[in-house]
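# Report on the structure
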Amino acid sequence: MSTVDNLNNSNESSVSLREVGADDPIREQIRQVATAVREQTPLAQSFTNFVTINLVANAQLAAGGTAAMSFLPNDITSLAEQCGATYINVGTLLPFYRDALQEISEHLSRHQCQWVLDPVAAGIGVARTEILKGFKDYPPTIVRSNASEALALHDMWDLAEEDSSEEHQGPAGVESVDSVDQAIGAAKDIANYLAQHSPTHTAAVAVSGAVDLVTDGKRVFRLPGGSAMMTKITGAGCSLGGVTATYLAVADPLVAALSASMLYNVASQIAQRHSHGPGSFQVEFLDALWNVTPEEIAAAPLLLA
Ligand SMILES: Nc1ncnc2c1ncn2[C@@H]1O[C@H](COP(=O)(O)OP(=O)(O)O)[C@@H](O)[C@H]1O
Ligand SMILES: Cc1ncsc1CCOP(=O)(O)O
Ligand SMILES: [Mg+2]
């Protein structure tokens, strides 16, 4: 049975899916941006949490980009226009972050700088909710999150239709307690909202899980593959956000989100084969990010709903 049949027969997806063919133009676009990242070593700066900041920088380097991390608004705003993209992750917060992140998001928006948001632990704590609500006025180009975080952000931004409120469990920490399927509607609504406010009228949302979802608000792609070992290292999702910003520096939001997620699925599968537990998995994963070819990334499993 093929991947598509497996998914169509399982409860991983409630909609019918078809494989994106080898000759579909989107695969050639993905191959080209993966090549461009390796050739151009784009800089994506990050304001990210201090649990996983080192893995984010290492993953960006291994994927072919360069990294710069800072918590100072003036650092971020002065580098924003030289960076291809900025990455903001709200996993760990300090009291000054509320004002800092408002200043940064306002600057990025006013100067039409592209950025990726990882709303880690969305729904937990008054401070985080206030910060994430504030981003509605100065929105990112891409939201990359797990399913629970996408659902919480959708609630916070009041994007639900009156009669279509999604039932979900609410946050329980940084791990998802909801399925990717539950977040399809939320992901599309968020992507459409981001696109309406984007200077290029394009945006994307990437929801990770056993089968990832990537949407620009119109098309919904599903990405099987990867490794469950990714849930046994901290920062798999955070570093995917950073690498998505690396790709956004050279690609449109949909192709950037697809390419980064496909790279992660191919690399984590290789790492699982070569490792013996979480420690060696993380090392093998960084090596695989470095060694995977643009052709392998573009050929990764990709389904269209
Ligand atoms: N059960 C799984 N099987 C395969 N890949 C997974 C699984 N869970 C997560 N991943 C992968 O791990 C990476 C991080 O996703 P996830 O764990 O959902 O993010 P987060 O750490 O933000 O919760 C993504 O590349 C995703 O595809
Ligand atoms: C454990 C933890 N606590 C606050 S941020 C963080 C890292 C979360 O990383 P990821 O979402 O990539 O698993
Ligand atoms: Mg996360």
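Residues numbered from 1 in each chain as written. Chains lettered and ligands numbered in written order. Predicted model: local features only at pLDDT ≥ 70, side-chain atom pairs only at ≥ 80, totals over all residues. Heavy atoms only, no water.

## Some points on the site of ligand 2
Going by this rule: Only heavy atoms are used to decide nearness, and a residue is near a molecule or strand if one of them lies within 4 Å of it. Here a polar contact is taken to be a pair of N or O atoms separated by no more than 3.5 Å, where protein atoms must pair a possible hydrogen donor with a possible acceptor and residues adjacent in sequence count only if both atoms sit in side chains. With residues, only the protein chains shown are counted as cover, and all accessible areas are computed by Shrake-Rupley using a 1.4 Å probe. With a 1 Å grid laid over protein atoms only, a set of points is called a cavity when a 1.4 Å probe fits there but cannot get out and a pocket when it is open yet has protein on both sides within 12 Å along at least five of seven lines; lining residues have an atom within 4 Å of a point. The rule for placing a molecule in a cavity or pocket is simple: more than half of its atoms must lie within 2 Å of the grid points. Each residue gets one of three labels, nonpolar for Ala, Val, Leu, Ile, Met, Phe, Trp, Tyr, Cys and Pro, charged for Asp, Glu, Lys and Arg, and polar for the others, Gly among them.
The immediate surroundings of ligand 2 are formed by Asn49, Val51, Thr52, Gly91, Thr92, Val174, Thr234, Gly235, Ala236, Gly237 and Cys238. Here an oxygen atom of ligand 2 sits 2.8 Å away from a polar atom, N or O, in the main chain of cysteine 238. If ligand 2 stood free it would expose 380 Å²; the protein chains cover 78% of that surface. The cavity that encloses ligand 2 is the largest pocket. In the shell around ligand 2, the residues fall into four nonpolar, seven polar and no charged.

## Considerations on the site of ligand 1
The condition that has to hold: By the criteria applied, helices consist of DSSP H or I runs no shorter than four residues and strands consist of E runs no shorter than two, each listed in order from the N terminus.
Taken together, the neighbourhood of ligand 1 is formed by 18 residues, with Arg144, Asn146, Ser208, Asp212 and Met230 sitting nearest. With respect to ligand 1, the side chain of arginine 144 contributes an N or O atom lying 2.9 Å from an oxygen atom. If ligand 1 stood free it would expose 540 Å²; the protein chains cover 84% of that surface. When each cavity is represented as a set of grid points, ligand 1 is found to reside in the largest pocket. Put simply, the parts of the chain that give the shell around ligand 1 at least two residues each are strand S6 (142–146), helix H9 (236–248) and helix H10 (253–274). Here the element with the most residues in the shell around ligand 1 is H9; it accounts for three residues. Classifying every residue of the shell around ligand 1 by side-chain character gives seven nonpolar, nine polar and two charged.

## Concerning helix H6 (residues 126–134)
For clarity, the threshold we go by: When a residue's accessible area, from a 1.4 Å probe over protein chains only, is under 20% of the maximum for its type it is buried; when over 50% it is exposed; and in between it is partly exposed. Summarising the geometry, the arc corresponds to the directions from the helix axis toward the C-beta atoms. Should any heavy atoms of two residues lie within 4.5 Å, those residues are considered in contact.
Of all the positions in H6, only Arg128, Thr129, Ile131 and Leu132 are classed as buried. Projection of H6 onto a plane perpendicular to its axis shows the buried side chains occupying an angular sector of 165°, all on one side. Where H6 is buried, its residues contact helix H5 (97–110), strand S5 (115–118) and helix H7 (147–156).

## Section: the UniProt feature "binding site: ATP" (unreviewed entry) in the protein chain
The line we're drawing: UniProt positions are given in the numbering used here, feature names are shortened, and annotations may be inferred rather than shown by experiment.
UniProt records the feature "binding site: ATP" (unreviewed entry) for Arg144 and Ser208 in the present numbering. Look at the named residues: they lie 65 residues apart in sequence, but the longest C-alpha span between them is just 7.7 Å, so in the fold they bunch up. Here, the largest pocket is lined by Arg144 and Ser208 out of the annotated residues. For arginine 144, the location among the structural elements is in strand S6. Of the residues examined, arginine 144 reaches a relative accessible area of 3% and is grouped as buried. Apart from the residues within four sequence positions on either side, arginine 144 is in contact with Val116, Leu117, Asp118, Pro119, Ala206, Ser208, Gly237, Cys238, Leu240, Gly241 and Thr244. Side chain to side chain, arginine 144 and aspartate 118 meet in a polar contact 3.1 Å long.

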